[in-house]
Structure formats: structure tokens, C-alpha cells
Amino acid sequence: MASPYLSRWHSVRTLDSVGEYFPQAGNIGSSSIIQPRAVTVLWMAVDVLTILTAAAIAIYLRKASMLSVFDHRAPLASNPSSFLLYLAGFSLILLFINHAHGLYGPLQSFGGLHEQRLTVQACSTSSLILAGVLYFGRADSISRAVVIATLLITTFLLCFRRAAWRLSLYKRYEKGLNSRNVLVIGTGPSGLAIRSHLQRIQHLGFTFKGFVKGWSDFADEEATESLGLLPEGPEILGDLSELGNLVRRYFIDELFITGPCEREAVQQLIAQARSWSVNLRVVPDLYDGLAWNAPIEYVGQFPTMPVHHRPIPAIALPLKRMLDLVVSICVLILFSPLFALIALAIRLDSKGPIFYCAERIGRKGNTFCCWKFRTMVVDADLLQEQYSQKNVSDGVPFKMQRDPRVTRLGALLRKYSLDELPQFYNVLKGDMSVVGPRPPLAGEVRQYALPHLRRLEVLPGITGLCQVQARQDPSFDHYISLDTAYIDNWSFWLDIKIMMRTIGVVLNGTGA
């Protein structure tokens, strides 16, 4: 990953036991990341599946005599292969037109209504071409009612699928999930316009975090103040010398250059953006030949040219979320009798609620309620200060051997990690993942050094590399090193491997 963490990663590699997880050093390289083209192929496959589903529904309706009033022919006549052949041709035409319209591009390329219009237009054009082929081919054996029903159902399903997908992403943006944090370099008119645009159109998926003084801002401080950056407006977070710290502190995903700058300065910033693993965009008229061959991408109404782009594991991340949903639903259903038994035992063992809500810090600093079965006395948080001298951890987390605040049943639940079972509800909600760094307390995060914030760049997990590799190790540096190594080398199969190891760790009863 970035150079600030490279030395820490090398220190992790010296551990013999870590070698089984990461056979090679480095972050998620190009070999392990699915390129955006794979996303296009995936959505094309979904569209083909949608067309086949529509055809199956149309055939069913015809067989059920619901379409017989429109067509007395058999649904596929005596030659079903001819219908499949025409259906394949229709699919290829529709995929080509969808791709030409940019319907497989980024969701932010256009709004929802425009996407629906393009979808209907693509389906209509493909339908007209198919109708012409059927007419000139004299395909009288194919039921026209089935063909028309297939085309109409396909149009409806495609529009519905795209609208549902867009709506689900919008809801995640509103919760701060999947949105991209932005820093704007330069406080001139272009910077102010970009800020207003990003704040006004929330569905773009960008969250404006603040300004960074650009190269031109230092030349004329009075001009900067005259542009309307009043105290009640967005804060100027710092200057270019502090950019690295700001990127980590605010979990930045995108940098926008909006002020005049020299070519060499932008080239240097490109190298830094690459080391920080953030995307970099600049306003087109500032390139001075720096990115003549770069494509123009629109962020709402603003044209930008990405001169550095961090590839995203666009297939692996949805697979991770699907795995989280499947595992959490299965656990919550299959272990529901155990949930009831534990709840009854807690009620009989000690006074207090059955569940304990711990305010934890999640991805990018978002706070959420992390649910657990209560394993301590009711006033355990207030008693922690009394036992601060018995903290066996050499860093931020508070760890204590034979903690007197733990109830008799709580010790058993912790030993086999049964107190963590309610967190599968957090996974179902999207606050957590099955695998990831453990969510810290707000008090712990306040004591973090800047590099430690790296572990908050991903969703926290119920289990992780620390839990299967260093469960009883109180070393905070080891704890952070393993979390950083997991983030730098994450893959879908690494999650599977950690989950398999977790089962053995839980059955061995090594919990504290």
C-alpha cells in the first residue's frame, strides 16, 4: 500500500504464521482486482438473464391461454430452436445498444429518469429491429403474442431492475455507505462551484469534506477571503503540506484540483495520490497537455479528467456483501433456539438487560450500536476507571485478566464467543461485515495515532485476522499490523479462509 504502511507490512511478514495468509507482499495488486470491464460483463449477463426470464413468463402466459385472444398460434410452434435463435439475436442487439447508450457505465453518469428513458429507448429500438427481421424472414411459426409479451416484459423488468439498484445505492449514500469522501484543492470560483454542486446533488455519491489551499491560494490570500469562504461556510482544512494527513484523517477517496497549477506540481501530486490510493481529478482547462489522452468524465454538470484512478474490486465487494447476508441470515435463523436459551440464562444469572449496546466506530468514522449479549454487571463502564492500572494491553484497547466485572455466565459466553452472536444483526443491517477489523470504542479512536485510522477505512467485522492469529496477544502494535495487513491484502478468498479458521478458534474456547 502506501509508503507510511510499507515498513509495518514488512514487520508483519516476518511472522511465520502470517505467511499462510499472504504468500506475497504488497497491497491488492492489479492481478487480484477485477477491472471495471468485468462489471460491464456482469451487467450484460444480468440483462441476458432478464430477457430469458421475460421469455419464460411470456411462454407461460401463452400456455395458460392468457394470450390466446391475441394469437391462436402455438407459443413456439413446431420449431422451438427458431424462437431461441431470434431471442439470441434480440439479446445481442439490446446489449449493443445499451452499451452504446452508456447504460453499463457509472451510475453517476446520468440521473434516474434519463436512465429509464434510455432503457425504454434501447428496448424499443431492439424490438423494432426484431420485428423487421421476423417480417422479412417470414417467421410465421412463431407466436406474435409471445414475441410482443417478451418485449414488453423485458422492458418492464429492465426498468425495474435499474430503478431498484439505483434506489438501493441512494439509500446507502444517505447512510454514508459507499459514498466517496472528497477534498477540493483550491478555493477559487471553480472550487466553490464544485462544492455547491456536490452538496446539492446527493445521489452523485460524493461527500464534500473541505477545502485544501491550492498553489494559487498562497499568492493572493486576500482574494481567497473575498470569495465567500466565511466562518459559517465549509472549513479550509489545511494546505498542501498537510494533504497526506488530511487524506487519512478524513478517509478521502477523491481529490479535485480546481485552481491553476504547474505541470510538475500536478505530476508530483499524481505520485502522492497513487501512494495514498486515492483518485485524482483536475479541471480540464488546467491540464497544459498533462492528460491529453485522458477521457472526460462528468461529475454531475462538471467535466473532469481522471489522471489517476484506483481500481476497485467491483465484483469481489458485492460478493463479500452477498456472503455477509447469507451467513447472517443463516446464523440468525439456525441459532435462534440458542439465542432464546442464552437470553433466559442471562436473565436468571444476573440483574440487567439481556443485550448490551456498545457505541462503536465503524467505517470512515461512522458511529453505530454494536449489539452483544450482556456479559458484565450493569455498571461495568463506570467501574473501568477503577481497574485502569490492571490493563494488560500495551496500547489503546483496555484488556484485563480475570475481570471482576464479568458475570459467571458472561465468562462462559466470552470463552466461546457466544456473546458476539447478536452482531450478525449488525451484519444484516450493513453496519458490519462477517470478516474485518474489530470495531473500536470512541474513546479508543481518540487515542489513535494518524496511521491507526487506516483500520477504519473498511467495514468492521465480527472476526478478523487478529481473532484467528493473535486472539490472546495484548500487543497493540501487533493488533494494528494484522489489521493493516488484512486491508492491504484483502480478497474474497481471504475472508473465506479466516471464516474457516474462526470456527476452530471458537470451538477451542480461546476467548477472553
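See above for the structure.
Residues numbered from 1 in each chain as written. Predicted model: local features only at pLDDT ≥ 70, side-chain atom pairs only at ≥ 80, totals over all residues. Heavy atoms only, no water.

(A) Summary view of the overall build of the chain. On a plain count of helices and strands, the chain comes out with 18 helices and 11 strands. Buried positions account for 46% of the 512 residues belonging to the chain. By sequence separation, contacts in the chain at least 24 residues apart represent 75% of the contacts at least 6 residues apart. Looking at the chain as shown, the accessible area adds up to about 26,200 Å², and 61% of this sits on carbon and sulfur atoms. (Helix = DSSP H or I, 4+ residues; strand = E, 2+ residues; numbered from the N terminus. Buried < 20%, exposed > 50% of the residue type's maximum accessible area, 1.4 Å probe, protein only. Contact = heavy atoms within 4.5 Å. Areas by Shrake-Rupley, 256 points an atom, 1.4 Å probe, with all protein chains shown as cover.)

(B) Main features of empty space enclosed by the protein. One pass over the structure, following the stated rule, counts 3 cavities of 30 Å³ or more. Computed from the structure, the largest cavity encloses a volume of approximately 80 Å³. Lining the largest cavity are F83, Y86, L87, F90, L130, L134, I142, V146, V147, T150 and L151. Of all the secondary structure elements, the ones that give two or more residues to the lining of the largest cavity are α3 (80–100), α4 (112–136) and α5 (144–174). Here the lining of the largest cavity is built from residues that sort into 10 nonpolar, 1 polar and no charged. (1 Å grid on protein atoms, 1.4 Å probe; cavity = no way out; pocket = protein on both sides within 12 Å on 5 of 7 lines; lining within 4 Å. Points joined across faces, edges and corners; volume = space filled by probe spheres on them. Nonpolar A, V, L, I, M, F, W, Y, C, P; charged D, E, K, R; others polar.)

(C) Quick look at the environment of L240. Mapped onto the fold, L240 is located in the loop between β3 (236–239) and α8 (243–249). In sequence terms L240 and I185 are 55 residues apart; their C-alpha atoms lie 8.2 Å from each other.

(D) How the structure looks around the state of the cysteines. Per the counting criterion, the structure on display carries 1 disulfide. C357 shares a disulfide with C369; S-S distance 1.8 Å. Taken together, the positions of C357 in strand β8 (residues 355–361) and C369 in strand β9 (residues 367–373) put the pair 12 residues apart, joining distant regions of the chain. For C357, a relative accessible area of 30% gives the class partly exposed. (Disulfide = S-S within 2.5 Å.)

(E) Local environment of helix α9 (residues 263–276). An ideal rise of 1.5 Å per residue puts 20 Å on 14 residues; α9 measures up with 20 Å between its terminal C-alpha atoms. Every buried residue belonging to α9 is among A265, V266, L269, I270, A273 and W276, and all of these are buried. Mapping the buried residues of α9 onto a view down its axis gives an arc of 145 degrees, with all of them on the same face. Residues of α9 that are exposed and point more than 90 degrees away from the buried face comprise E264 and Q268. (Expected span 1.5 Å × (residues − 1). Arc of directions from axis to C-beta.)

(F) How the structure looks around the side chain of R180. In this structure, R180 sits in strand β1 (residues 180–185). Among the polar contacts made by the side chain of R180, one reaches the side chain of E254 at a distance of 2.9 Å. (Polar contact = N/O pair within 3.5 Å; in protein donor to acceptor, adjacent residues only side chain to side chain.)

(G) Summary view of the pattern of salt bridges. Taken as a whole and judged by the stated rule, the model has 16 salt bridges. Two residues, R161 and D47, come together in a salt bridge whose shortest N-O distance is 2.2 Å. Here the residue R161 occupies a position in helix α5, and D47 occupies one in helix α2 (residues 36–63), the gap between them amounting to 114 residues. Close ionic contact of D349 with R408 constitutes a salt bridge, the shortest N to O distance being 3.4 Å. Placement of D349 in helix α11 (residues 336–349) and of R408 in helix α13 (residues 408–415) is noted, with a sequence separation of 59 residues between them. What emerges from the salt-bridge pattern is a single network uniting R248, R454, E457 and D488. (Salt bridge = Lys/Arg side-chain N within 4 Å of Asp/Glu carboxyl O.)

(H) Highlighting the nonpolar core. Counting residues in each nonpolar core, the largest one holds 42 residues, and the members touching the most others are F373 and Y486. Broken down by element, the residue count for this core peaks at 6 residues, all from helix α17 (residues 476–488). Filtering out sequence-adjacent residues up to four positions away, F373 remains in contact with F339, I342, I346, I354, F355, L413, L418, D419, L421 and P422. (Core = buried A, V, L, I, M, F, W, Y, C linked by side-chain atoms within 4.5 Å.)

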